[in-house]
Amino acid sequence: MVNVAFINPFSDEARQIVREYGNLNTIYQENGDLIQLVTRSPSQDISDEESIPHNIMDLALKRMEWYVKKRNNLEFDYRKYSYLYNRNITNFDVIAFYLLVQAVSVKFGPNSRESRVMVEAQGKLMESRMGELLLSEKRDILGTILNTLLPGEVKWTMFADLLSSRKIKLTDLVLDQGNIILDKDYFMENLGFKLEHRDPGKMYDLLIGDKIKELIINRMIMQKTEDYISEVYQKSQRQVEPNPILLELADKVTEILNQPMATYGYRGGATGKVEASPLNQEAFPPCVKIVLEGMKSGGRNDAIILFLTPFISYARLYPDVFRRNTTLRVSDVDPELAAVEKEILPLIHEAAERCTPPLFEDQPQEKVNINAKMGFGMHSEIELKHEGETTWYTPMSCEKVKLHLPSLCKPDKTCKSIGNPLSYYIHRLTDLRYEEATSEEPGEESKQESREE
Amino acid sequence: MVSDQLLKPATPEERRRYYREEWDVKDIPEFISNSVQKREFGFDHMGRGPNDRYKVFRSMDLLRKFLRYRAPFAAYSSVAFYEKPQRRDGWIKSELVFDVDAKDIPIRECGCQGVCEVCLNQALEIISSLIDTLKGDLGLKDIHVVYSGRGYHLRLFDESVMTMDSDVRGQIVQYLSGAELPRNEYAAEGVTYKLEHFTIPFGYPQVFTDRTRYAILHLTPETQLDEVNQKLLKDVMKNREFLEDNQWGIFRSKIGPQRYLKLIRSIASLNMALVDAKVSIDLKRILRLPSSLHSMVSMKCTEVKNIETFDPFKEAVPKFVYERKS
């Protein structure tokens, strides 16, 4: 029998485990029971001492390391983390979960890379654990958790927060009269009869079955983790001194998160950082190229102000903003504002001029909006003294482009693997640099010759 | 047939006549009048866009006086309800709005330059199918349809969606318009099955099937679709009669599975433009005030009471238009 707490750390059973746990200081003490459980987990690799957690602090860090390595390292070795799928570690695992959540909340707050990765890791771990359960166990657990989290009818409108963060997509759900269809009897009675030449029972298994229930539970628990991080953070703001154990754990989490940047990075780069550098228009995504050619009346303002300005400024000054997840100002990268004046603004203004009719001809005030979107307030000139009066807008995601400016989205092959035009730029930039670096002299010469022809 | 006197801009004198002689404050629907104090109003006095904004009215009578004496080129009210509408501050909630503009329908049969009877009818058909999905799938109520002058607005007052943010509204737009390709692989107990969208007669696959059928049946030889060349377009038009009887399987086999995929992928991206997503996701948008005059086309912005029988050229034409000299 699987303890619900193994999957749902917010269950009553999990809370009971936390209540019964003793002194927080014991998390550093070597824990014989834990070591025994780990080393006896099926298919666990015990040849490397480093991969065995000796105490709960270790276990907490291993949880994060598991996710980070799994996500980044193609040579990820499942056998080094087999104990994470061992249901008998539930009691230790729940404590490790709460330690981690509290550590990242107190040290970094809810809008940090550490918190985001913690939430993702929890989702992925739940998913992997569910995958290891027997079908009958899985169904029992799903039923139990669903009954606790969602008693009665399940309306899609109850999931506004999950939809908002795109943890769930509306198009993935089977909806009828506002209900998310999870129950087989409801399906058979209200939708099954619409099917022709197909067995409704089997269609239920295919279209809904356990998958949608699992998806909803998984995403709800991820959301609960996120909410809990915010709650702990709020409380911690009222405390004088956070527990040093939590701060230490938080620092170690950061170290783990920094490892893939150093080790794997972007295509093997030494530091994984993508530095500010002059713009390479060859690496621009199709949507940006369309705007640079000039827009027609209608989408002009949004395309130039909301779309192009953030893209060009970030691509030039802070291309890996989404990966570094640290807020910067333009002047942190361009202290004299030379790149802004000589490279960024001219490019944006030229695109505005190419619009039909030229954007500034009938709407000269939009020049101010361009400055505002780079963080320099609502002023006609860009001046350091105004920096910070407005926010330096980050580039729109592909999803937002499709909603705001659908005519711009003409995806090519590279677009399929990215979610933001800026990621496209980094991706192509890296490719182009790689091509340049790997092309040998004779080849390069012959290329140039053929170009001249 | 639409008379030559229609769809021409109204003169300042015609605007004044409209607001003094024809318009009645009672024509403003209750969904506006019962929340007048919570909304921001905006006006366009010169035909250069609504630049007189942040207006508030403490009563319907003050709004009546304003419209009667100023006879604006266009009048708007916010979809948002505010604690302090004069500052657009203290956002409480917003109507969920879908804007189908006849001139922006992605596949138009008429090919006209502006707006005509044919594309306005098409806009109403689209509105009708959106309402079916809003009610049937999403279970939403309190839906009002407004003829805007160049298309239709769907305005929802269902409390369960009025506090939703832009991202959720964006997802609703995608669902309603069939803008995403439904998956076609489904697995159970380790076995994966292929199920095309048209074999699933409910939920999102059905919405996608409906919108795709509508698009295909309205294609013209001039329609430009990404990934669809002239040969494919011709074959689609030749075989589309199968879709009138829902014979999707035959249609798909006539087109060929690879080309079919290209076709529906292209239509999915086109469907995104069925409604103007910018309007739906903007929580602080101002929308044309029902009962006000759309001076650019000399039509009344009118609440549609019966979508089956509504004819804008009968119910939304102001009297002064009939009195114009040809």
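Refer to the preceding data block for the structure.
Rules and cut-offs
- Each chain carries its own residue numbering, running from 1 in the direction its sequence is written.
- Lettering for chains starts from A, numbering for ligands starts from 1, and both go in the order in which the items are written.
- Only residues with pLDDT of at least 70 are given local features in this predicted model, and only at 80 or more are side-chain atom pairs given and counted; all residues enter the totals for whole chains, interfaces and linings.
- For the side-chain quantities, the full set of heavy atoms in the structure was used; hydrogens and water were omitted.
- The salt bridge definition used is simple: a Lys or Arg side-chain nitrogen within 4 Å of an Asp or Glu carboxyl oxygen.
- Under the scheme used here, helices are H or I runs from DSSP no shorter than 4 residues and strands are E runs no shorter than 2 residues, and both carry numbers assigned from the N terminus.
- Buried residues are those whose accessible area, probed at 1.4 Å on protein chains only, stays under 20% of the maximum for their type, while exposed residues exceed 50% and partly exposed ones sit between those limits.
- As used here, the term nonpolar core means buried Ala, Val, Leu, Ile, Met, Phe, Trp, Tyr and Cys residues forming a set that is joined through side-chain atoms within 4.5 Å.
- In this analysis, two residues are considered to be in contact whenever any of their non-hydrogen atoms come within 4.5 Å of each other.
- Under the pairing criterion, centres of Phe, Tyr and Trp rings, with the six-membered ring standing for Trp, must be within 6.5 Å; the plane angle then separates stacked pairs below 30 degrees from edge-to-face pairs above 60, leaving the rest tilted.
- Counting as a charge over the ring demands two things of the Lys NZ or Arg CZ atom: a distance within 6 Å of the ring centre and an angle within 35 degrees of the ring normal.
- Reported buried area values correspond to the accessible surface (1.4 Å probe) lost by two parts on association, with both partners' losses combined.
- Distance and chemistry together define a polar contact, namely a pair of N or O atoms within 3.5 Å, with one atom able to donate a hydrogen and the other to accept it when in protein, and with adjacent residues in sequence counting only for side-chain atoms on both sides.
- Note on residue classes: Ala, Val, Leu, Ile, Met, Phe, Trp, Tyr, Cys and Pro are nonpolar, Asp, Glu, Lys and Arg are charged, and everything else, Gly too, is polar.
- Here the rule is simple: two strands pair whenever DSSP picks up at least two bridges between them.
- Every angle, taken between N-to-C directions, lies between 0 and 180 degrees, and every axis is a line fitted to C-alpha atoms, over only the stretch in contact when it is a helix.
- Any angle that falls under 35 degrees is termed roughly parallel, while one over 145 is termed roughly antiparallel, one within 65 to 115 roughly perpendicular, and all others oblique.

## Some details on the pattern of salt bridges
Once the charged atoms of two side chains with opposite charge are near each other, the side chains can pair. Residue and element names in this part refer to chain B. In this structure the tally under the stated criterion is 49 salt bridges over all chains. The salt bridge partner of Arg324 is Glu14, with a shortest N-O separation of 2.8 Å. Taken together, the positions of Arg324 in the segment after α14 (319-322) and Glu14 in helix α1 (residues 12-22) put the pair 310 residues apart, joining distant regions of the chain. Across this residue pair, the class does not change: Arg324 and Glu14 are buried.

## Side note on the nonpolar core
By size, the foremost hydrophobic cluster in this structure holds 191 residues, and its most contacted members are Trp156 and Ile216 of chain A together with Phe98, Leu138, Tyr152 and Ile172 of chain B. With sequence-adjacent residues up to four places away left out, Trp156 of chain A is seen in contact with Leu163, Leu170, Leu175, Gly178 and Ile180 of chain A together with Leu138, Leu140, Val161, Met164, Val168 and Ile172 of chain B.

## Thoughts on the packing of aromatic side chains
Residues and elements named next belong to chain A. Applying the stated criterion across every chain yields a total of 31 aromatic pairs over all chains. Measuring from ring centre to ring centre gives 5.5 Å for Phe284 and Tyr425, while their planes differ by 50°; the resulting arrangement is tilted. Highlighted residues: Phe284 in the loop between α11 (244-263) and α12 (286-292) and Tyr425 in helix α20 (residues 421-438), separated in sequence by 141 residues. As far as the burial class goes, Phe284 and Tyr425 line up, both buried. With a centroid separation of 6.0 Å and 80° between ring planes, the pair formed by Phe311 and Tyr425 is classed as edge-to-face. Of this pair, Phe311 sits in helix α13 (residues 300-317) while Tyr425 sits in helix α20, and the two are 114 residues apart along the sequence. Of the two residues, Phe311 and Tyr425, neither departs from the other in class, the shared state being buried. Here the aromatic residues Phe10, Phe97, Tyr98 and Tyr228 are joined through ring pairs into a cluster of three or more. Of note, Lys373 hangs over the ring of Tyr393, and the distance from its end group to the ring centre comes to 4.8 Å.

## Points about the interface of chain A and chain B
Listed as interface residues are 36 residues of chain A and, on the opposing side, 36 residues of chain B. With both chains or domains summed, chain A and chain B bury close to 3300 Å², and 62% of this area falls on carbon and sulfur atoms. The three residues of chain A that bury the most area against chain B are Thr171, Leu206 and Leu403 of chain A, which together make up 20% of that side's buried surface. Lys400 of chain A serves as the salt-bridge partner of Asp167 of chain B, at 3.7 Å between the closest nitrogen and oxygen. Viewed at the interface, chain B and chain A are joined by 13 residue pairs in polar contact (both at pLDDT 80 or more). Counting only elements with at least two residues in the side of chain A that touches chain B, the list comes to α6 (135-149), α7 (160-164), β1 (175-176), α9 (200-207) and α19 (398-404) of chain A. Among the residues forming the side of chain A that touches chain B, the class breakdown is 16 nonpolar, 6 polar and 14 charged.

## Some details on the environment of Glu226 of chain A
Residues and elements named next belong to chain A. Along the chain, Glu226 falls in helix α10 (residues 211-238). In the structure, Glu226 is positioned 115 residues away from Asn111 in sequence and 9.7 Å away in space, judged by C-alpha atoms. Apart from residues no more than four positions distant in its own chain, Glu226 is found in contact with Val119 and Lys167. Polar contacts involving the side chain of Glu226 include one to the side chain of Lys167, which spans 2.5 Å.

## Things to note about unusual backbone geometry
Note the cis peptide between Thr356 of chain A and Pro357 of chain A, where omega equals -10°. Within the secondary structure, Pro357 of chain A is located in the loop between α16 (338-353) and α17 (359-362). Here the phi dihedral of Tyr54 of chain B falls at roughly 60°; this positive angle occurs in a residue that is not glycine. Assignment of secondary structure puts Tyr54 of chain B in strand β2 (residues 52-55). Judged by relative accessible area, which is 42%, Tyr54 of chain B ranks as partly exposed. Positive phi, close to 60°, is recorded for Asn246 of chain B, a residue that is not glycine.

## Focus on the sheet that holds β2 of chain B
All names here are of chain B. In space, the 4 strands of this open sheet follow the order β2-β1-β3-β11, with antiparallel pairing throughout. Each edge of the open sheet carries a strand with a single partner, namely β2 and β11 (286-288). Ignoring strand direction, the axes of neighbouring strands in this sheet form an average angle of 25°. Here 2 bridges tie strand β1 (residues 41-44) to β2, and the two strands are oriented antiparallel to one another. What sits directly across from Phe43, in β2, is Asp52. Lying on the sheet, helix α3 (residues 60-70) is in contact with β1, β2 and β3 (74-78); it crosses β1 at an angle near 5°.

## Considering the sheet that holds strand β14 (residues 302-304) of chain B
Within a beta sheet, neighbouring strands are joined by backbone hydrogen bonds and run either parallel or antiparallel to one another. Residues and elements named next belong to chain B. Strand order in this open sheet of 4 strands is β6-β8-β7-β14, and the pairing throughout is antiparallel. Every interior strand has two partners, whereas the edge strands, β6 (96-101) and β14, have only one. The mean angle between the axes of side-by-side strands here comes to 25°, regardless of whether they run parallel or antiparallel. Direction of pairing for β6 relative to strand β8 (residues 151-156): antiparallel, over a ladder of 6 bridges.

## A closer look at the pairing of strand β7 (residues 143-147) of chain B
Residue and element names in this part refer to chain B. β7 sits mainly inside the fold: 5 of its 5 residues count as buried. What you see with β7 is no split at all: Ile143, Val145 and Tyr147 on one side and His144 and Val146 on the other are buried throughout. Bridge count between β7 and β8: 5 bridges; the pairing is antiparallel. The partner of His144 across the bridge, within β8, is Arg155. The turn joining β7 and β8, which pair antiparallel and follow one another in sequence, is formed by 3 residues; a positive phi near 115° is taken by Gly149.

## Description of the packing of helix α3 (residues 56-72) of chain A against helix α5 (residues 113-132) of chain A
All names here are of chain A. At their nearest, the axes of α3 and α5 sit 9 Å apart, and the two run at 85° to each other. Between α3 and α5, the angle is such that the two are roughly perpendicular. Taking contact as the criterion, the partners of Arg63, Met64, Trp66, Tyr67, Val68, Lys70 and Arg71 in α3 are, on α5, Glu114, Val117, Met118, Glu120, Ala121, Gln122, Lys124, Leu125, Ser128 and Arg129. Each residue belonging to the contact of α3 with α5 can be placed in one class, and the counts come to 8 nonpolar, 2 polar and 7 charged.

## As for the side chain of Asn86 of chain A
Residues and elements named next belong to chain A. In this structure, Asn86 sits in the loop between α3 and α4 (90-108). For Asn86, a relative accessible area of 9% puts it in the buried group. Among the polar contacts made by the side chain of Asn86, one reaches the side chain of Ser41 at a distance of 2.9 Å. In this structure Asn86 touches Phe6, Leu37 and Ser41, once residues within four positions along its chain are discounted.

By themselves, these are just geometric observations and shouldn't be taken as functional.
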